[in-house]
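Chain by chain, the residues:
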Amino acid sequence: MTKKGARHSLGTTDAVEYAAQVEAAAAAAAAGAAAAAEASGARTTSSLGSGDWLAGAGTTGEPEQVHVALTGFPHALRVMWVTFGGAGAGAEAAWGTAPGVLAATARANASTYDVGILGGWHGTIHTVDMVFPSHLPPRTTVYYAVSGTCPTACWSPVFSVALPAAIGMETATTLALWGDMGTVIPDGWRVAADVAAAARRADGAWNAMHIVGDLAYAGMGAHDAWQPIWDMFGRQMQDAAVQVPLMVSVGNHEEYYDFEAYVKRFSAPGAVLTPGANRHFWYSYEVGNIHVTSMSTEHPYLPGTPQYAWLAADLKAVDRRRTPWLVLVSHRPFLASDAFEHTAHIPGAPLVDSVGRLAAAAGVDLVVSGHCHVYERTLPTLPSGAVTSHGAANGTVFHAPGAPIWIVAGTGGAIYPDSWVVPIPPWSAVRIHKLGDDIVYGYGVVSTNATALEWTLHRAAHSSYPGGPSHILDRFTLIR
Ligand SMILES: [Fe+2]
């Protein structure tokens, strides 16, 4: 546990000193965050506008950290938010099909937790499953708002989001994925702003986004976490996550206090596709024509464990005529040539030799992981390390290659002094850590139709390099 927790340790075990460091870094980033929000055209969504994610906890019960998630049901979306203090009535959500007519309302389920250094945590997490009329077509734009616990009514602005897509082969689908984000260490806030702007430019085309573990980096040292970091993360993500459902996988930096903050603050689909799923740690969902299986590399996964049995059943049960594309998500990578923990992600290592073999046998198309704060993607490769196809068009187009492409997209904004092993393994196709002196941060996007899947890596906007938002650094296409 200590070793895992120390992986991205922030350089001090003194929590007070750490808190001061975070505050200083946050102050330095604040002007930039406000400028980025301004430049991206982000609307101010509430009293916690895009530039206000560094704000401390309030005391009056205003709603903040709003995000939506898929539920597994076609006409339901889960909305979650946080309040601090306030003496008023319980929070509620209101929703409808026109911004001015939010006729459906429900009182929120409230929960909380109190772990962490420097005073624990004293907010309230609110959850409502918004159920829309079943006659609405898939992808209908719907509207919602949430209220806080203020002495007098206090509501968020009205947000809009699209209902889930129809599940089926013909549904073109867009899913954004990345891992290892954080807030001000140093660029998670910038990636979040870029993701929000990209989702807005896509104008409803993004079906979901999925962070593949190591979300907020609230942890410090091996055993302690400072919960206000989670609040900063929640505010940072709001602008993106009110407009596109946010799904999550668990990373080693969620483990503090038995994963308490991760479990309480986020949702995984309530309707599991196969029995034995563990909602927050191993679960699956369908989005359009993609089946996403999310595993936990922070829990036992070898043959004989409950997770392995569930993964085997889930992957085997996928109906490829319904969801032709199969994506496996994990935090720790299966195959990568990052020097960090190198022997854990090479052929023969436990993860690739167990779940990796399951994935390849099940015909998984893509495996998307993080943990290494770099970008790397392989050629279609069997768990043995054998490359099955070098592809056409300089290795960017693969026709039914018969093996997964393994991706590390730990580029969400957290820093670590990564380096590459040499020589480059024959299965490694593209690896990116720095361009010039700049570390590359960004996110991946999967776009599918019935017969093709395109993956693109988008570099987040950064003032020190040209190219602007959504500068694409890697791209490949799988053809069925
Ligand atoms: Fe990690």
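Further up the page is the structure itself.
My aim in this report is to walk through the structure given alongside it, one point at a time. The structure displayed is predicted, hence computed values, not measured ones.

### Quick notes on the overall build of the protein chain
Turning to step 1, where the next piece is worked out: Scanning the protein chain from N- to C-terminus turns up 7 helices and 26 strands.
Turning to step 2, where the next piece is worked out: Looking at the 480 residues of the protein chain, the share that counts as buried comes to 59%.
Turning to step 3, where the next piece is worked out: Sequence-distant contacts, at least 24 apart, represent 72% of the contacts inside the protein chain between residues at least 6 apart.
Turning to step 4, where the next piece is worked out: Surface accessibility of the protein chain: about 17,000 Å² in total, with carbon and sulfur atoms responsible for 58%.

### Brief notes about the packing of aromatic side chains
Turning to step 1, where the next piece is worked out: Per the stated rule, a full pass over the model turns up 16 aromatic pairs.
Turning to step 2, where the next piece is worked out: Judged by centre distance (5.1 Å) and plane angle (65 degrees), the ring pair of phenylalanine 340 and tyrosine 416 falls under edge-to-face. Placement of phenylalanine 340 in the loop between β16 (325-329) and α7 (350-361) and of tyrosine 416 in the loop between β20 (405-409) and β21 (428-432) is noted, with a sequence separation of 76 residues between them.
Turning to step 3, where the next piece is worked out: Through a chain of ring-to-ring contacts, three or more aromatic side chains come together here, namely Trp230, Phe233, Phe259, Tyr262, Phe266 and Phe281.
Turning to step 4, where the next piece is worked out: The ring of tryptophan 121 has arginine 265 lying over it, and the distance from NZ or CZ to the ring centre is 4.4 Å.
Turning to step 5, where the next piece is worked out: Across the ring face of tryptophan 325, the terminal group of arginine 480 is positioned such that the distance to the ring centre comes to 5.4 Å.

### Things to note about the pattern of salt bridges
Turning to step 1, where the next piece is worked out: Here the structure, examined in full by the defined rule, presents 14 salt bridges.
Turning to step 2, where the next piece is worked out: Of the charged contacts, one joins arginine 321 and aspartate 319 as a salt bridge, the two residues approaching to 3.3 Å between their closest N and O atoms.
Turning to step 3, where the next piece is worked out: Where arginine 377 meets aspartate 474, a salt bridge forms, and the shortest distance between an N and an O atom there is 2.8 Å. In this pair, arginine 377 sits in strand β18 (residues 375-378) while aspartate 474 sits in strand β26 (residues 471-479), placing the two residues 97 residues apart along the sequence.
Turning to step 4, where the next piece is worked out: When salt bridges that share partners are traced, they join Glu298, Arg332 and Glu341 into one network.

### Things to note about the sheet that holds strand β19 (residues 397-399)
Turning to step 1, where the next piece is worked out: Taking strand neighbours across the sheet as the criterion, the 7 strands line up as β13-β10-β9-β24-β25-β26-β19 in an open arrangement whose pairing is mixed. Edge positions in the sheet fall to β13 (246-248) and β19, since each has one partner strand and no second. Across the sheet, the mean angle from the axis of one strand to that of its neighbour is 20 degrees, orientation sign disregarded.
Turning to step 2, where the next piece is worked out: Inspection of the sheet shows β19 paired to β26 by 3 bridges, in the parallel sense. In the sheet register, phenylalanine 398 faces β26, and the bridge partner there is leucine 478.
Turning to step 3, where the next piece is worked out: Sitting on the sheet, helix α3 (residues 188-202) touches β9 (173-178), β10 (208-211), β24 (442-448) and β25 (452-459), and the angle it makes with β24 is about 30 degrees.

### A look at the coordination of the iron ion
Turning to step 1, where the next piece is worked out: Those protein atoms acting as donors to the iron ion are Asp214 (OD), Asn252 (OD1), His331 (NE2) and His371 (ND1), and they sit at 2.1 to 2.3 Å.
Turning to step 2, where the next piece is worked out: Bound by 4 donor atoms, the iron ion shows angles of 88 to 170 degrees at the metal and therefore irregular coordination geometry.
Turning to step 3, where the next piece is worked out: All donors of the iron ion come from a single chain, and their spacing in sequence reads D-x37-N-x78-H-x39-H. Pair noted here: histidine 331 is in the loop between β16 and α7 and histidine 371 is in the loop between β17 (366-369) and β18, with a separation of 40 residues, a long-range link.

### Concerning the pairing of strand β3 (residues 92-96)
If a strand is regular, its side chains alternate between the two faces of the sheet.
Turning to step 1, where the next piece is worked out: Of all the 5 residues making up β3, 4 are buried; the element is thus mostly covered by neighbouring parts of the structure.
Turning to step 2, where the next piece is worked out: Looking at chain direction, β3 and strand β4 (residues 104-107) are connected through 4 bridges and run antiparallel. Note on β4: the bridge partner recorded for alanine 94 is threonine 105.
Turning to step 3, where the next piece is worked out: Pairing of β3 with strand β7 (residues 141-146), which is carried by 4 bridges, proceeds in the antiparallel orientation. In the strand pairing of β7, alanine 93 is matched with valine 146.

### Things to note about the sheet that holds β18
Turning to step 1, where the next piece is worked out: The sheet built from 7 strands is open, its strands ordered β14-β15-β16-β17-β20-β18-β21 with mixed pairing. At either margin of the open sheet sits one strand with a lone partner, and together these are β14 (283-287) and β21. Each neighbouring strand pair of the sheet contributes to a mean axis angle of 15 degrees, computed without reference to strand direction.
Turning to step 2, where the next piece is worked out: Taken together, the 3 bridges between β18 and β20 define a ladder with antiparallel strand orientation. Paired with tyrosine 375 across the two strands is alanine 409, which belongs to β20.
Turning to step 3, where the next piece is worked out: The sheet contacts of helix α6 (residues 306-316) involve β14, β15 (290-294) and β16, and relative to β15 the element is tilted by about 175 degrees.

### What to know about empty space enclosed by the protein
Turning to step 1, where the next piece is worked out: All told, the structure shown has 4 cavities of 30 Å³ or more when counted by the stated rule.
Turning to step 2, where the next piece is worked out: Contributing to the lining of the second largest cavity are 14 residues, with Gln65, His67, Gly234, Arg265 and Phe266 lying nearest its centre.
Turning to step 3, where the next piece is worked out: Of all the secondary-structure elements, those providing two or more residues to the lining of the second largest cavity are β1 (64-70), β2 (76-84) and α4 (228-241).
Turning to step 4, where the next piece is worked out: The element contributing the most residues to the lining of the second largest cavity is α4, with 4 residues.
Turning to step 5, where the next piece is worked out: Class assignment for the residues of the lining of the second largest cavity results in 10 nonpolar, 3 polar and 1 charged.
Turning to step 6, where the next piece is worked out: Both domains that furnish three or more residues to the lining of the second largest cavity are identified here as domain 1 (64-162) and domain 2 (173-479).

### Here we look at the packing of α3 against α4
Turning to step 1, where the next piece is worked out: Packing of α3 against α4 brings their axes to within 8 Å, and their N-to-C directions diverge by 15 degrees. When the interaxial angle is binned, α3 and α4 end up roughly parallel. Our pair here, α3 against α4, has a crossing hand that is left-handed. Seen from α3, the contacting residues are Gly188, Trp189, Ala192, Val195, Ala196 and Arg200; seen from α4, they are Gln236, Met237, Asp239 and Ala240.
Turning to step 2, where the next piece is worked out: Considering only residue class, the contact of α3 with α4 consists of 6 nonpolar, 2 polar and 2 charged.

Reading the values: rules and limits
- Residues numbered from 1 in each chain as written.
- Predicted model: local features only at pLDDT ≥ 70, side-chain atom pairs only at ≥ 80, totals over all residues.
- Heavy atoms only, no water.
- Helix = DSSP H or I, 4+ residues; strand = E, 2+ residues; numbered from the N terminus.
- Buried < 20%, exposed > 50% of the residue type's maximum accessible area, 1.4 Å probe, protein only.
- Contact = heavy atoms within 4.5 Å.
- Areas by Shrake-Rupley, 256 points an atom, 1.4 Å probe, with all protein chains shown as cover.
- Phe/Tyr/Trp six-rings, centres within 6.5 Å; stacked < 30°, edge-to-face > 60°.
- Lys NZ or Arg CZ within 6 Å of the ring centre and 35° of its normal.
- Salt bridge = Lys/Arg side-chain N within 4 Å of Asp/Glu carboxyl O.
- Pairing = 2+ DSSP bridges.
- Axes fitted to C-alpha atoms, helices over the stretch in contact; angles between N-to-C directions.
- Donors = N, O, S within 2.8 Å, 3.2 Å for Na, K, Ca; no water.
- Tetrahedral: all angles 85-135°; square planar, octahedral: opposite > 155°, others 65-115°.
- 1 Å grid on protein atoms, 1.4 Å probe; cavity = no way out; pocket = protein on both sides within 12 Å on 5 of 7 lines; lining within 4 Å.
- Points joined across faces, edges and corners; volume = space filled by probe spheres on them.
- Nonpolar A, V, L, I, M, F, W, Y, C, P; charged D, E, K, R; others polar.
- Domains from an automatic or database assignment.
- Parallel < 35°, antiparallel > 145°, perpendicular 65-115°, else oblique.
- Left-handed = near helix turned anticlockwise from the far one by under 90°.

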